[in-house]
Amino acid sequence: SETATKPHVAVVASPGMGHIVPLFELAKRLVTHHGLRVSFLNITTEASTAQTQLLHSPDLPSGLDVVDLPPVDLSTIVSEDALVLTRLCINVDESFRCLKSVLLKLGKPNAVVIDLFCTQALEVCEELSIPLYSFCTTSSAFLAFSLYLPTMDREIEGEYVDLPEAVQLPGCSRVRIEDLLDQVRDRKNDDYKWFLYHVSRLPKAAGILINTWEDLEPVALRAIRENPTYQEIPIPQIYPVGPLIKDTEPLTASVVDCLAWLDKQPTDSVIFIALGSGGTLSTQQLTEFAWGLERSRQRFLWVVRLPSDIACDSASFFGAGYEANGWKEYLPEGFLERTKEVGLVVSSWAPQVAVLSHPSTGAFVSHCGWNSSLESIMCGVPMIGWPLYSEQRMNATMLMEDVGVLTKPVVEPGQETIGRLEIERLMRTAIEGEKGKASRRKAKELKESARKALSTGGTSYESLSCLTKQWEAY
Ligand code: UDP
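Calculation rules
Residues numbered from 1 in each chain as written. Predicted model: local features only at pLDDT ≥ 70, side-chain atom pairs only at ≥ 80, totals over all residues. Heavy atoms only, no water. Axes fitted to C-alpha atoms, helices over the stretch in contact; angles between N-to-C directions. Helix = DSSP H or I, 4+ residues; strand = E, 2+ residues; numbered from the N terminus. Parallel < 35°, antiparallel > 145°, perpendicular 65-115°, else oblique. Contact = heavy atoms within 4.5 Å. Nonpolar A, V, L, I, M, F, W, Y, C, P; charged D, E, K, R; others polar. Near = heavy atom within 4 Å. Polar contact = N/O pair within 3.5 Å; in protein donor to acceptor, adjacent residues only side chain to side chain. Pairing = 2+ DSSP bridges. pLDDT = per-residue confidence, 0-100. Expected span 1.5 Å × (residues − 1). Buried < 20%, exposed > 50% of the residue type's maximum accessible area, 1.4 Å probe, protein only. Phe/Tyr/Trp six-rings, centres within 6.5 Å; stacked < 30°, edge-to-face > 60°. Core = buried A, V, L, I, M, F, W, Y, C linked by side-chain atoms within 4.5 Å.

Undergrad: I tried to follow the packing of helix H7 (residues 140–155) against helix H8 (residues 190–201) on my own but got confused; where do I start?
TA: Pairs of packed helices are described in terms of their axes, by the angle between the two and the distance that separates them. Put simply, H7 and H8 touch, their axes get as near as 9 Å, and they point 105° apart. The orientation of H7 with respect to H8, classified from their angle, is roughly perpendicular. Between H7, through Phe142, Ser146, Leu149, Pro150 and Asp153, and H8, the contact on the second element is made entirely by Tyr192, Phe195, Leu196, Val199 and Ser200. Considering only residue class, the contact of H7 with H8 consists of seven nonpolar, two polar and one charged.

Written out as structure tokens, the structure reads:
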């Protein structure tokens, strides 16, 4: 039959919706646009409701199969105080014990695609002679940093956070010390060791796919491909295949409510506030944010969660804390009543892509996770940067300085909470100010450029076609 001759690819993502969503989009695209057969391996241990819903949705394209990996018990292996990345990597480690038998059972796919934190698959793929590709779910600037990190690790003594000046990435941007990602801020922590372990192994991949497109970050891409430092490493071929973002949201009651409310607001007038799958504010910051928002008199759609000092971090990261509804008591007294004419507050989760695609949405307060950033750009919505964890500070700086679609609050060194007056100013300028309008124009320009890259003959489309041909040849 025809399916038997189509190339078959296995795709696997490490836990967390930030990884699963783009790899799953890649899987769908390979099936629908490039005629491949894809098995998506699902790490079921500690899976969130959102993950299970996405991967077990009834209307997947035919040719895409989700294969559940058996759950593993992490309780005795991961210590209570392990950080997020450590927990995630150990989960992958344990879940991959069956990887070889699963790949054999699938009849040895033509290729395996992993994300950054699944490089344990390298040895298994080598043994089975299956080429392994890595899909970088963040920016090219982040990829450049990751590829350079093993060199930094060899050449720099002491902590990176104590360096006197910014880290110069060969051939591209400088990374300010305050923007360094969490995982490299303490070299003694296990999170750093895991991060370094995976990025050191990245050059062994047969190719690196990346969720960006040629025209968004031309300088960083050129540096990775051409700069002598990276040539020495040496780096496999880079394939920008993005922006791959999730396209549809299931029409649940809360989705319908959000969209009906947006329908009643003027064009480009609403500020959407959502901090990724796990982002939360401190109690004090939540209070200041609410006051600033109210004083700005702008329209808003705000996803509110329990404050970070109340909810358990890793529970909210993995989605366990979504159901909690106790956040109401942390908002200023009377806030919901006083703002009910201009604002909609939703609990824990909003249909982000649907909200960003709505014409009433005029700005997006985002934690600058890479998926959120791409979704914002794909919808032509400018951002207000509120980076929280991981590599988000790097993303925010890049989107502001190199791309020009983002504004940031003014923060004094060492300042932990951003006050209501600054928030009020920021919200006003985002909707009414010249800077806000310039970012909006830029975002709309990029939206067109991204669509072009993805359509037949565009750069990202062609990258995937080229990979498909390679995989056919195996
Ligand atoms: N998201 C959403 N509704 C929310 C918050 C987040 O749909 O209320 C989605 C968002 O559209 C994006 C993903 O969750 O696809 C977050 O990924 P990102 O890389 O931005 O951040 P992470 O969650 O990995 O920190």
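From this point on, the discussion continues.
Undergrad: Sorry if this is basic, but what is going on with the site of the ligand here?
TA: Residues in close proximity to the ligand total 17 residues, the closest being Ser277, Ala350, Asn371, Ser372 and Glu375. Contacts to the ligand include Ala350, whose backbone N or O atom sits 2.6 Å from a nitrogen atom. One of the side-chain N or O atoms of Ser372 is found 2.6 Å from an oxygen atom in the ligand. A per-element tally of the shell around the ligand places helix H16 (residues 370–378) first, with four residues. Looking at the shell around the ligand, its residues break down into five nonpolar, nine polar and three charged.

Undergrad: Hey, could you run me through the sheet that holds strand S4 (residues 111–115) in this one?
TA: Hydrogen bonds between backbone atoms are what pair the strands of a sheet, whose relative direction is either parallel or antiparallel. A sheet is described by the order of its strands in space; here seven strands give the open sequence S3-S2-S1-S4-S5-S8-S9, paired in parallel fashion. The open sheet has two edge strands, strand S3 (64–69) and strand S9 (238–240), and neither has a second partner. Across the sheet, the mean angle from the axis of one strand to that of its neighbour is 25°, orientation sign disregarded. Of the pairings in the sheet, the one linking strand S8 (residues 207–210) to S9 comprises three bridges and is parallel in character. Bridging from a neighbouring strand, Leu209 pairs with Tyr239 of S9. Against the sheet, helix H2 (residues 17–34) contacts strand S1 (8–12), strand S2 (37–43), S3, S4, strand S5 (132–136) and S8, and its axis sits at roughly 165° relative to S2.

Undergrad: Can you help me understand the confidence of the model for the chain in this one?
TA: Low-confidence regions, as indicated by low pLDDT, have predicted coordinates that should not be scrutinised in detail. Of the residues in the chain, 96% have a pLDDT of 70 or more, and the chain-wide mean is 94. Note that residues 313–321 has pLDDT below 50 and, in this model, 15 contacts with residues that lie over four places away or in other chains. Model confidence for the complex: the whole-complex pTM is 0.94, and ipTM, which rates the interface, is 0.99.

Undergrad: Would you mind going over the sheet that holds strand S15 (residues 406–407) with me for this structure?
TA: Strand order in the open sheet formed by six strands is S12-S11-S10-S13-S14-S15, with parallel pairing between adjacent strands. Every interior strand has two partners, whereas the edge strands, strand S12 (343–347) and S15, have only one. Relative to S12, strand S11 (residues 299–304) runs parallel, the two sharing five bridges. Opposite Leu301, over in S12, you have Leu344 as the bridge partner. The strands touched by helix H18 (residues 420–432) within the sheet are strand S10 (270–274), strand S13 (361–366) and strand S14 (383–385), with S13 carrying the most contacts at an inclination of about 145°.

Undergrad: So what exactly am I meant to see when it comes to the environment of Leu60 here?
TA: Relative to the helices and strands, Leu60 is located in the loop between helix H3 (49–55) and S3. The spatial distance from the C-alpha of Leu60 to the C-alpha of Lys28 is 8.0 Å, given a sequence separation of 32 residues. Once residues within four sequence positions are removed from consideration, Leu60 is found in contact with Phe24, Leu54, Leu55 and Val66.

Undergrad: Looking at this structure, I do not really get unusual backbone geometry. What am I missing?
TA: What is expected of a backbone is that most residues other than glycine have negative phi and most peptide bonds are trans. That bond from Ile233 to Pro234 is cis: its omega, -25°, falls within 30 degrees of zero. Its place among the elements puts Pro234 in the loop between helix H10 (228–232) and S9. Note that the residue after Gly242, namely Pro243, is joined by a cis bond; omega there is 0°. Its place among the elements puts Pro243 in the loop between S9 and helix H11 (253–263). Even without being glycine, Glu46 reaches a positive phi, approximately 60°. Turning to its location among the elements, Glu46 is positioned in the loop between S2 and H3. With a phi angle near 70°, Ser348 is a residue other than glycine that sits in the positive phi range. You can see Ser348 is positioned in the loop between S12 and helix H15 (352–357).

Undergrad: Explanation requested: helix H20 (residues 459–473) in the structure shown.
TA: Each turn of an α-helix holds 3.6 residues, which means side chains three or four residues apart point in the same direction. The end-to-end C-alpha distance of H20 is 22 Å, a good match for the 21 Å that 15 residues give at a rise of 1.5 Å each. Of the positions making up H20, those classed as buried are Ser460, Tyr461, Ser463, Leu464, Ser465, Leu467, Thr468 and Trp471.

Undergrad: What should I look at first to understand the packing of aromatic side chains in this one?
TA: For any pair of aromatic rings, geometry is given as the distance between the ring centres together with the angle between the planes. Enumeration according to the criterion identifies eleven aromatic pairs in this entry. Ring geometry for Phe117 and Phe195: centres 6.1 Å apart, planes at 50°, overall tilted. Of the two residues, Phe117 is situated in the loop between S4 and helix H6 (121–127) and Phe195 in helix H8; the sequence distance between them amounts to 78 residues. Phe195 carries the same exposure label as Phe117, and that label is buried. On the numbers, 5.9 Å between centres and 65° between planes, the contact of Tyr160 with Tyr192 is edge-to-face.

Undergrad: Where do I start with the pairing of S10 in this structure?
TA: Looking along a regular strand, one sees the side chains alternate between the two faces of the sheet. Of all five residues in S10, five are buried, a share of seventy percent or more. In S10, alternate side chains face the same way, and those of Val270, Phe272 and Ala274 on one face and Ile271 and Ile273 on the other are all buried. For S10 and S11, the ladder comprises four bridges, and the chain directions are parallel. Considered in S11, the bridge of Ile273 is made with Trp302. As paired strands, S10 and S13 are joined by five bridges and run parallel to one another.

Undergrad: Is there a simple way to think about the nonpolar core in this case?
TA: Side chains of a nonpolar character, in soluble globular proteins, are inclined to be buried together. Counting 104 residues, the largest nonpolar core has Phe40, Phe145 and Leu149 as its most contacted members. The biggest single contributor to this core is H7, with nine residues. Once residues within four sequence positions are removed from consideration, Phe145 is found in contact with Met152, Leu169, Val175, Leu180, Leu181, Val184 and Met394. Listed in part, the 25 residues of the second largest apolar core include Ile273, Leu275, Ile423 and Leu426.

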